[in-house]
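# Understanding the architecture of this molecule
Listed here are the chains, written in short residue letters.
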Amino acid sequence: MGTGLRGPRFADEEWDFRPFVPRTQSQVACDFAGVHDDIAERTLREYLYSRIRRGSAGDVPHGRASRTLKITGICGAALRAKAVLATLRQVGAPRLSEVTKQHLQDALSIWKARSPVMAEAHVNELKHFAAHSPFLSQDRLLIAPWPGRAANAVAGNIRKEGENTTKRIPEEISGPLVKGALFYVQHAGQDILAARRELKLLETAHACGPRRSPGETKALISAFVDQRRAEGRGIPALAWGAACRWPKIPVINGVPQHPNKRMIGLLLGTIVAGQGHHELLRRAGDELGYEPGGLNTPMPIWPDSGRPWRSSLDPWNLRLELGYLRTACWILIAFLSGARDVEVRELRRDCAFIDTADDGRPRYKLRGRVFKGRKLSGDEVEWVVLNVVHQAVDILLQLNDDPTHLFGRLTGENAGYRLLSDVNLKLARFREHLSGLFSTPNGLFIPRAPVTGGADDLDDDDLGTGSATGLPWAFETRQFRRTLAWHIAHQPFGIVAGARQFHHAKTIMFEGYAGTSASGSPPRSRRRRPSRNWTTWKIFTGTGMTAAAPAAARLSASTPSWPTSRSGTVSRGYCHIR
């Protein structure tokens, strides 16, 4: 990748690939600790070195699995290889050369008892061991493990042909989620950023302010209490998250009945720490009551209720809201572009740009890199997006301070800059936060999903508005890309458009990924492909539209041969034959 840095050496105790892999890579070092002896460690090193230098020939899956191993996958391969060696040693084969068919069956029984998926991964690793045996100097497999049989068949992990197993998010769940994310980006985001600027000004004034005596601080507190009494306001209360540390603090209507001394100290520009100061604030709280927040930045109106979307912020809640704002930006960028999680978090600060279409309209785009199935540094690509995605990018440019990456920020002088991580966990927290903010007595803002076989099995009546039955939807980053693909595929000529947007090499790859039937199952959509393409073409030509593409002449010449005795009905964006 042209880093100019020294890479790991074969004999190093740890192979550290940190300078050579994308920053989103979670596993960056290959550790050889835990291997039971020197011969096994040497064999493991030679095996991994061979895999990153050569493809796997012989009885291994064709395609990407048989290519040379990218260093982004070497840590996972090392973990699986160590697990394989440990299991073989457990069943009585401390050396690969001593492995027999019985040892293989015993190891397979152990793996299958844990999970068929794990068994398939370990069987695949054994097949790679066999393929690279000629390049191992001190120990190697002398038999071919399960020759002629696929790893998933050996492990009993039989999958339905062509069916994508990633769940599609139902519209009843994705709709409120996107609505909440849009509100954060278009309305709440600027106020959260304004509150952060207000807090920084207060902290600067507090740090640079004069040191005051206890008497001067008491006088400031008394004046502050008199002002609150005149305004009819309560004393700033301790944040809910901080109050959890003191379970004996009473809570009324969700507000802890305890003064927020840090917030009050920032407002007064002094340190509020003495016992006398605490008693003065406590008596004022008993008289005037407590109110959440403390910062003066107003909160925007939530359209559904006509009231501010939340109470004012304090330092504790501001930190949480900044995290929710980052999550909202991730949702809009990922959902409206179709980019993978890694591709979203690897976006650079200058990723957003506007192009002009042939008709003069602006086209909002993102520029990034695709890594899956590409070279180590990835290939530069573009995604066509909506204007709101550029708004999310603008929010992130103000929110984060990483010099290169859009989703990176400084987390501390010692920790340095770090990218957004644990996105699935942050999605779950954002879901609960939205439901806590915007739910009504009529139901939850984001309804819960009934326990079924998957999103594609849900009926329209399964997810009523605000349904509180069932389980909270478990969001995963892959679901957003799959859901967008499904919706694109349901538009006229959506397969072609989706293949371009998702940067798939062939339209059949996108069709198999998206699934164009109501259930999202690719096999049914493949059986209907000729009918859908031709009937979609008839809809366009029947409304007076003409083709202007390289295949226009062929399509126009073929249109009259379409049987005119059949009639069609438009459903979900394309035509079905009756």
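As shown above, the structure is provided for reference.
Residue numbers run consecutively from 1 along every chain, following the written order of its sequence. Where totals are concerned, whole chains, interfaces and linings use all residues; where local detail is concerned, this predicted model gives features only for residues with pLDDT of at least 70, and gives and counts side-chain atom pairs only at 80 or more. Hydrogens are left out, water is left out, and the side-chain values use all remaining heavy atoms of the structure.

## A closer look at the overall build of the protein
Strands here are runs of E lasting at least two residues and helices are runs of H or I lasting at least four, both read from the DSSP assignment and numbered beginning at the N terminus. A count of helices and strands for the protein gives 19 helices and 15 strands. Counting all 578 residues of the protein, 44% fall into the buried class. In the protein, once contacts between residues fewer than 6 apart in sequence are set aside, the share between residues at least 24 apart is 62%. Areas reported as accessible are Shrake-Rupley estimates using a 1.4 Å probe. Residue values count occlusion only from the protein chains shown. For the protein, the accessible area works out to roughly 29800 Å², and carbon and sulfur atoms hold 52% of it. Each residue is placed in one exposure class: buried if its accessible area under a 1.4 Å probe, protein chains only, is under 20% of its type's maximum, exposed if it is over 50%, and partly exposed if it falls in between. Throughout, a contact is declared for two residues whenever any of their heavy atoms are within 4.5 Å.

## Considerations on the environment of Thr440
Locating Thr440 in the fold gives a position in the loop between helix 14 (423–438) and helix 15 (477–489). Accessibility expressed as a relative area gives 44% for Thr440, which makes it partly exposed. When the C-alpha positions of Thr440 and Ser305 are compared, they lie 9.3 Å apart, and in sequence the two are 135 residues distant.

## A short note on the pattern of salt bridges
Note that side chains of opposite charge can pair when their charged atoms are close. The rule for a salt bridge is simple: a side-chain nitrogen of Lys or Arg has to be within 4 Å of a carboxyl oxygen of Asp or Glu. Tallying each qualifying case throughout the model produces 27 salt bridges. A salt bridge links Glu287 to Arg229; its shortest N-O distance comes to 2.8 Å. Linking Glu287 in helix 10 (residues 275–288) with Arg229 in helix 7 (residues 214–231), this pair joins segments that are 58 residues apart in sequence. As a salt-bridge pair, Arg367 and Glu380 come within 3.8 Å of each other at their nearest N and O atoms. Here Arg367 is found in strand 10 (residues 362–370), whereas its partner Glu380 is found in strand 11 (residues 379–385), with 13 residues between them in sequence. Using a relative accessible area of 54% as the deciding quantity, one classes Glu380 as exposed.

## Quick look at the nonpolar core
Residues grouped as a nonpolar core are buried Ala, Val, Leu, Ile, Met, Phe, Trp, Tyr and Cys residues, joined through side-chain atoms within 4.5 Å. By size, the foremost hydrophobic cluster in this structure holds 65 residues, and its most contacted members are Tyr184, Trp309, Trp330, Ile333, Leu366, Phe430 and Phe480. Per element, the largest residue contribution to this core is 13 residues, and it comes from helix 6 (residues 171–208). Beyond its immediate stretch of four places on either side in the chain, Leu366 contacts Ile333, Leu347, Cys351, Ala352, Phe353, Val381, Glu382, Trp383, Val385, Val389, His390 and Val393. Among the nonpolar cores identified, the runner-up in size contains 39 residues, and Val35, Ile71, Ala107 and Leu136 belong to it.

## Here we look at the pairing of strand 9 (residues 352–356)
Pairing analysis gives 5 bridges linking strand 9 to strand 10, with the strands arranged antiparallel. By the bridge assignment for strand 10, Thr356 is matched with Pro362. Following strand 9, the chain reverses through 5 residues before pairing antiparallel with strand 10; Gly360 in that reversal takes a positive phi of roughly 90 degrees. DSSP calls a pair of strands paired once it identifies at least 2 bridges connecting them.

## Structural notes on the packing of aromatic side chains
Each aromatic ring pair is described using two quantities: the centre-to-centre distance and the angle formed by the ring planes. Between the rings of Phe, Tyr and Trp (Trp by its six-membered ring), a pair exists once the centres lie within 6.5 Å; its type follows the angle of the planes, with under 30 degrees stacked, over 60 edge-to-face, and the other angles tilted. For the structure shown, the criterion picks out 16 aromatic pairs. Where Trp302 meets Phe445, the ring centres are 5.9 Å apart and the plane angle is 75 degrees; that geometry is what we call edge-to-face. Taken as a pair, Trp302 in strand 7 (residues 301–302) and Phe445 in the loop between helix 14 and helix 15 lie far apart in primary sequence, 143 residues in all. A network of ring pairs unites the aromatic residues Phe183, Tyr184, Trp302, Trp309, Tyr324, Phe430, Phe438 and Phe445 as a single cluster. Directly above the aromatic system of Trp473 lies the positively charged group of Lys167, at a separation of 5.9 Å from the ring centroid. Criterion for a charge above a ring: Lys NZ or Arg CZ within 6 Å of the ring centre, and within 35 degrees of the ring normal. Lying across the ring of Phe353, Arg367 places its NZ or CZ 4.1 Å from the centre.

## Looking at the sheet that holds strand 9
Read from one edge of the open sheet, 3 strands run 9-10-11, paired in antiparallel fashion. Lying at the two open borders of the sheet, with one neighbouring strand each, are strand 9 and strand 11. The mean inter-strand angle of the sheet, taken between neighbouring strand axes irrespective of direction, is 40 degrees. Helix-sheet contacts for helix 13 (residues 387–399) involve strand 9, strand 10 and strand 11, and the interaxial angle to strand 10 is about 60 degrees. Angles run from 0 to 180 degrees between N-to-C directions of axes, and those axes are lines fitted to C-alpha atoms, restricted for helices to the stretch in contact.

## As for unusual backbone geometry
Its identity is not glycine, yet Trp146 carries a phi of approximately 50 degrees, on the positive side. Counting through the fold element by element, Trp146 comes out in the loop between helix 4 (116–131) and helix 5 (151–155). Accessibility expressed as a relative area gives 9% for Trp146, which makes it buried. The backbone of Asn253 shows a phi angle near 55 degrees, a positive value even though the residue is not glycine. Its location among the elements puts Asn253 in the loop between strand 4 (251–252) and strand 5 (255–256). Under the relative-accessibility criterion, Asn253 is labelled exposed at 78%.

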